[in-house]
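Spelled out from the first residue to the last, the chains are:
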Amino acid sequence: MNTHSIYTHSISSPRHDLFNYVLRQGDTPLILAQRLCEWCGHAPELEIDLALSNIGLDLLGQARHFLSYAATLSGTGLNEDHLAFSRDEREYLNLLLAEQPNGDFNDTLVRQFFIDAYHVLLHQALGQSRDPQLAAISTKSLKEVEYHLRFSRGWMIRLGDGTKQSHQKIQQSINQLWRFTGELFHCDEIEQRLAEDGIAVDPRTLHEPWLKIVNETFTEATLEIPLESPYRQGGKQGLHTEHLGYILAEMQYLQRSYPNCNW
């Protein structure tokens, strides 16, 4: 079942913009939660194992709120489970950064820090949305993502200003993942229209405060922002890296094998 095509044909244009935007806000934490929970039982320390799992569960809860709202907007009678488990790769609208492989702990940490800093600013701004449901979800999510940022920022400083090896590994991860950060602040027509109506956040307005958080953290951690390089984008339009398909194959296996199954 191609749920995306159902929504495309059944939702009026302004409502489709909102549906698309809400779907984006749900897909990024959904995919990132799946990534983080891959660490369960494999993290370098028990404390980190528990922290990453808890952050993953927080993100999964945020994804459920957004996807549940998106399902309501669709008017199709489907629910958040259909959106999570019944779409194909091109129908997911998450940020490319969220789907990047866990790699070593330093790779996961840098990915998390970049997204945490972005999420704090996003939910602060989205909490003022004219859409009461979006505002409510973001106000609740803000308390969680502020903790996520404290965790990832603390580890960035600890490892960046730690041993020579830990510093080199963190800097290497920064250099590898930096090209995905530009997409965080790319504004397309959907976001622009909704931002002008006071519903969405223009992501371009988040770039400067995000860089401020990153610069302050990197200074304390003795890390450096990479030289300018070509940025990757397209996730919000359904154009993904090769990694998302593997995530979905694992995440959707049960529902694809036993459609509409119940516990």
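Structure's up top.
Calculation criteria
- Residues numbered from 1 in each chain as written.
- Predicted model: local features only at pLDDT ≥ 70, side-chain atom pairs only at ≥ 80, totals over all residues.
- Heavy atoms only, no water.
- Helix = DSSP H or I, 4+ residues; strand = E, 2+ residues; numbered from the N terminus.
- Rg over C-alpha atoms; globule rule 2.2 N^0.38 Å.
- Contact = heavy atoms within 4.5 Å.
- Areas by Shrake-Rupley, 256 points an atom, 1.4 Å probe, with all protein chains shown as cover.
- Lys, Arg positive; Asp, Glu negative; His and termini not counted.
- Charge placed at Lys NZ, Arg CZ, Asp CG, Glu CD.
- Phe/Tyr/Trp six-rings, centres within 6.5 Å; stacked < 30°, edge-to-face > 60°.
- Lys NZ or Arg CZ within 6 Å of the ring centre and 35° of its normal.
- Expected span 1.5 Å × (residues − 1).
- Bend = angle between axes of the 7 residues up to and from the residue.
- Polar contact = N/O pair within 3.5 Å; in protein donor to acceptor, adjacent residues only side chain to side chain.
- Buried < 20%, exposed > 50% of the residue type's maximum accessible area, 1.4 Å probe, protein only.
- Axes fitted to C-alpha atoms, helices over the stretch in contact; angles between N-to-C directions.
- Parallel < 35°, antiparallel > 145°, perpendicular 65-115°, else oblique.
- Left-handed = near helix turned anticlockwise from the far one by under 90°.

### Here's the deal with the overall build of the chain
For step 1, the next point in the chain: On a plain count of helices and strands, the chain comes out with eleven helices and zero strands.
For step 2, the next point in the chain: Mapped from its N terminus to its C terminus, the chain presents α and β elements in the order α-α-α-α-α-α-α-α-α-α-α.
For step 3, the next point in the chain: Taken over the C-alpha trace, the chain has a radius of gyration of 18 Å; the compact-globule value for 263 residues is 18 Å, and the two agree within 12%.
For step 4, the next point in the chain: Taken along its principal axes, the extent of the C-alpha atoms in the chain is 55 × 45 × 35 Å.
For step 5, the next point in the chain: Contacts in the chain between residues far apart in sequence, at least 24 positions, make up 79% of those at least 6 positions apart.
For step 6, the next point in the chain: Counting only carbon and sulfur atoms, one obtains 52% of the accessible surface of the chain, whose full area is about 12,500 Å².
For step 7, the next point in the chain: For the chain, the centre of its 22 positive side-chain charges and the centre of its 34 negative side-chain charges are spaced 1 Å apart.

### Remarks on the packing of aromatic side chains
For step 1, the next point in the chain: One pass over the structure, following the stated rule, counts eight aromatic pairs.
For step 2, the next point in the chain: Geometry around W155 places R158 over its ring, the cationic atom sitting 4.0 Å from the centre.

### Some words on helix 6 (residues 132-160)
Because each turn of an α-helix spans 3.6 residues, side chains separated by three or four positions in sequence point in the same direction.
For step 1, the next point in the chain: With 29 residues, helix 6 extends 40 Å between its outermost C-alpha atoms, agreeing within 8% with the 42 Å of an ideal straight helix rising 1.5 Å per residue.
For step 2, the next point in the chain: Taking the largest bend as the criterion, helix 6 deviates by roughly 35 degrees, centred on L142.
For step 3, the next point in the chain: Looking at where helix 6 begins, the residue whose side-chain oxygen comes 3.0 Å from the main-chain nitrogen of Q133 is D131.

### A word on the environment of D116
For step 1, the next point in the chain: In this fold, D116 is placed in helix 5 (residues 105-126).
For step 2, the next point in the chain: Relative accessible area serves as the criterion here: at 1%, D116 is assigned to the buried category.

### Some details on the packing of helix 3 (residues 46-74) against helix 6
For step 1, the next point in the chain: The contact between helix 3 and helix 6 brings their axes to 11 Å, and the two run at 160 degrees. In terms of their interaxial angle, helix 3 and helix 6 are classed as roughly antiparallel. Viewed along their axes, helix 3 and helix 6 form a crossing whose handedness is left-handed. Between helix 3 and helix 6, the residues in contact are I48, A51, L52, I55, D58, L59, Q62, H65, F66 and Y69 and Q133, L134, I137, S138, K140, S141, E144, V145, Y147, H148, F151 and W155, respectively.

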